Amino acid sequence: MSGEHADRPNGRETNANRRAVLAKRVDAGTADLEEIEQLAAAAGYEIAGRITQTREEDAAYLLGEGKVEELAELVSRTDATHVVVDNDMGPYQTFNVGKKLPEGVEVVDRFTLILEIFAERARTRKAQLQVELAELRYELPRAEAKASLAKRDERPGFMGLGEYDESVERDIKRRISDIREELSSIAKTERARREERRASGFDLVALAGYTNAGKSTLMRRLAAELDVEENADRHPDLGTTAESEDMLFTTLGTTTRRAELDRRDVLLTDTVGFISDLPHWLVESFESTLDSVYRADLVLLVVDASEPVREMREKLVTCHDTLHERNRAPICTVFNKVDRLDEGELAEKRSALSTLAPNPIAVSATEGTGIDALRERVEAELPDWERERLVLPMTDETMSVVSWIHDHGHVETESYAGDQVTVEFEAKPAIVSKARSKAGELTPVDA
Ligand SMILES: Nc1nc2c(ncn2[C@@H]2O[C@H](COP(=O)(O)OP(=O)(O)OP(=O)(O)O)[C@@H](O)[C@H]2O)c(=O)[nH]1
Ligand SMILES: [Mg+2]
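Residues numbered from 1 in each chain as written. Chains lettered and ligands numbered in written order. Predicted model: local features only at pLDDT ≥ 70, side-chain atom pairs only at ≥ 80, totals over all residues. Heavy atoms only, no water.

A. Highlighting the nonpolar core. Core analysis: the biggest nonpolar cluster contains 55 residues, and Leu39, Leu113, Phe118, Phe249 and Phe335 have the highest contact counts within it. Examining the composition of this core, we find that 6 residues originate from one element, helix H4 (residues 110–121), more than from any other. The residues contacting leucine 113, other than those within four sequence positions of it, are Ile36, Leu39, Ala40, Ala43, Tyr45, Val84 and Val108. Ranked by size, the runner-up nonpolar core spans 22 residues in total, among them Val205, Leu268, Val302 and Val334. (Core = buried A, V, L, I, M, F, W, Y, C linked by side-chain atoms within 4.5 Å. Buried < 20%, exposed > 50% of the residue type's maximum accessible area, 1.4 Å probe, protein only. Helix = DSSP H or I, 4+ residues; strand = E, 2+ residues; numbered from the N terminus. Contact = heavy atoms within 4.5 Å.)

B. A look at the sheet that holds strand E3 (residues 82–85). Reading across from one edge, E2-E1-E3-E4 is the order of the 4 strands in this open sheet, with parallel pairing throughout. Where the open sheet ends on each side, the last strands, each with one partner, are strand E2 (46–54) and strand E4 (106–109). Averaged over all pairs of adjacent strands, the angle between strand axes in this sheet comes to 20 degrees, irrespective of strand direction. Taken together, the 8 bridges between strand E1 (residues 19–26) and E2 define a ladder with parallel strand orientation. Residue pairing across strands places alanine 23 opposite isoleucine 51, the latter belonging to E2. (Pairing = 2+ DSSP bridges. Axes fitted to C-alpha atoms, helices over the stretch in contact; angles between N-to-C directions.)

C. Layout of empty space enclosed by the protein. Scanning the model with the defined rule gives 4 cavities of 30 Å³ or more in all. Space inside the largest cavity adds up to approximately 200 Å³. Looking at the largest cavity, it is lined by 17 residues, and the ones nearest its centre are Arg194, Arg197, Thr256, Thr269 and Ser292. Elements represented by at least two residues in the lining of the largest cavity include exactly helix H6 (166–199), strand E5 (203–209), strand E7 (266–270) and helix H10 (287–294). At 4 residues, the largest contribution of residues to the lining of the largest cavity is made by H6. Among the residues forming the lining of the largest cavity, the class breakdown is 4 nonpolar, 6 polar and 7 charged. Roughly 50 Å³ of internal volume is contained in the second largest cavity. Contributing to the lining of the second largest cavity are Val205, Leu222, Ala259, Leu261, Val266, Leu268, Leu300, Arg375 and Val378. (1 Å grid on protein atoms, 1.4 Å probe; cavity = no way out; pocket = protein on both sides within 12 Å on 5 of 7 lines; lining within 4 Å. Points joined across faces, edges and corners; volume = space filled by probe spheres on them. Nonpolar A, V, L, I, M, F, W, Y, C, P; charged D, E, K, R; others polar.)

D. Examining the environment of glycine 201 more closely. Position of glycine 201 relative to the elements: it lies in the loop between H6 and E5. Taking relative accessible area as the criterion, glycine 201 reaches 1% and is therefore assigned buried. Those residues in contact with glycine 201 that lie beyond four places of it in its chain are Asp265, His408, Lys428 and Ile431.

Keep in mind these values describe shape, not function.
The structure is reproduced here in structure tokens:
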């Protein structure tokens, strides 16, 4: 199974005729439509109109009933084909709102929208399975609700669903369990590959952060030129390009490349961005993709520092929440896009966010500023290497052990005297102990 890679969406033409009215409800304050607008654009919708409301949730319609009528009127006037709602909607609310709208107009909530984007970009088997799992988990409670209502009312056609029985629910559950099984076997393969890379002396650094923070751009900046041919067999996901675009969720899968650092051999992994207000089942469906972050040796948490402090704070909180439970690696915050702000603004943001983002490294991935400092920081934050001095007897195997040490650690001195080689080097503790046992296995020629 080859690794996933970022792909430019190519199915967007097919969505060209989708026109959406955006709707959002908030309990207090004013509703901010910026992110849902970006999501709708990323999913290929043209924006036909906007409606917001500040009030408590209406149990039947989400928005107030009067507001829904206003919405229906706006939809007809603008000839919209969809209503995109930036709230979590229950199945009944979706149904009720849909009934008020002109015939054929579909209601899409925030999660469905994100799933549409993911579905369109899923290129690998793993990504496709994850999307399908998320879709089914979205459907399951809806199917259960319909099944129990149909049973109670003895109306199989309830909610205009046509023929319906409990077998739909059973099929969903069976498919979910099949997908989980396949995904977990893919995850196992990936875990084995990660361990193999660690065992060959690589430190694993993951780029994490809110969607559109600049992770993929930074990845390209840090990545060394790579001989793809040479690595194609051993590391199937090395060498694929990490694309950048000013769009949410440009990257869906994971891409791993070698980073160019002085002393340590680092593999850098770029992956899907985080976003706020995702239900746990959606995050869980993408769990094995996020494993590359959770199981890294160091996480670089990339933040778009050109945004206002309030947004940076909200996005940092989302990122820490997503990382919180499963991540074990140290986190180093990277303030990206600093080409868009002056020294004063940067200093203000540093101090305003010092609790959530202690001691951040400021960089511009596009301009290349701060990149050397970031490289140094990465080396400083990676778990310490051990220092060792081994004296090896000269045998037929000795030079291959020496070159193994060169490949897996950082050799400081190497000296030859008589029938002995002395190697002083630094490496991960596991590598040092392996080197010791390799040295112990060397039998001097005259022994
Ligand atoms: N001005 C400026 N723009 C940047 C910088 N880094 C990235 N960008 C832009 O920000 C946008 C998003 O960059 P990406 O690298 O795609 O971001 P990402 O975090 O990988 O985003 P997703 O994969 O969509 O989650 C692109 O338009 C980049 O050109 C930077 O240092 N300065
Ligand atoms: Mg990306």
